[in-house]
Amino acid sequence: MKHRIIFATMMSFVLSLLMSAWITFLNIGLHPDFVSFWMHAWVLAWPAAGVISFLFAPFLHQLAHRIAEKV
């Protein structure tokens, strides 16, 4: 369980940070307040990404193994 929590926290941090930057950039471009808008989006995205990662990672890990075995 400890590994699962650490993994979900790290994965959600990285994914939400990069995705919120990308989507913010697509929405407003290199606006003078880009970093402020990005950080606001990231603060909202990280908790959601953490919960989603914690809940779905085990299932997706098993599914990836099944797919890899068939390929």
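The structure this text deals with has already been given above.
Since this is a predicted model, take the numbers as computed values, not measurements. (Residues numbered from 1 in each chain as written. Predicted model: local features only at pLDDT ≥ 70, side-chain atom pairs only at ≥ 80, totals over all residues. Heavy atoms only, no water.)

Draft legend 1. Fine view of the side chain of Thr24. By the secondary structure assignment, Thr24 is in helix H1 (residues 2-28). Using a relative accessible area of 7% as the deciding quantity, one classes Thr24 as buried. Here Thr24 is in contact with Gly29, Phe34, Phe37, Trp38 and Ala41, once residues within four sequence places are set aside. (Helix = DSSP H or I, 4+ residues; strand = E, 2+ residues; numbered from the N terminus. Buried < 20%, exposed > 50% of the residue type's maximum accessible area, 1.4 Å probe, protein only. Contact = heavy atoms within 4.5 Å.)

Draft legend 2. Representation of the packing of aromatic side chains in the model. Tallied over the entire structure, the rule returns five aromatic pairs. Ring geometry for Phe13 and Trp42: centres 5.6 Å apart, planes at 90°, overall edge-to-face. Here Phe13 is found in helix H1, whereas its partner Trp42 is found in helix H2 (residues 34-70), with 29 residues between them in sequence. The exposure class assigned to Trp42 is buried, which follows from its relative accessible area of 13%. By the ring-pair criterion, three or more aromatic residues cluster together here, those being Phe13, Trp42 and Trp46. Seen from the ring of Phe54, Arg4 lies directly overhead, with NZ or CZ sitting 4.1 Å from the centre. (Phe/Tyr/Trp six-rings, centres within 6.5 Å; stacked < 30°, edge-to-face > 60°. Lys NZ or Arg CZ within 6 Å of the ring centre and 35° of its normal.)

Draft legend 3. Region of the structure containing H1. Between its terminal C-alpha atoms H1 stretches 38 Å, which fits the 39 Å expected from 27 residues at 1.5 Å a residue. Among all positions in H1, only Ala8, Ser12, Ser16, Ser20, Ala21 and Thr24 are buried. Here the buried face of H1 lies against H2. With its phi angle positive at about 70°, Gly29 sits one or two positions after the end of H1. (Expected span 1.5 Å × (residues − 1).)

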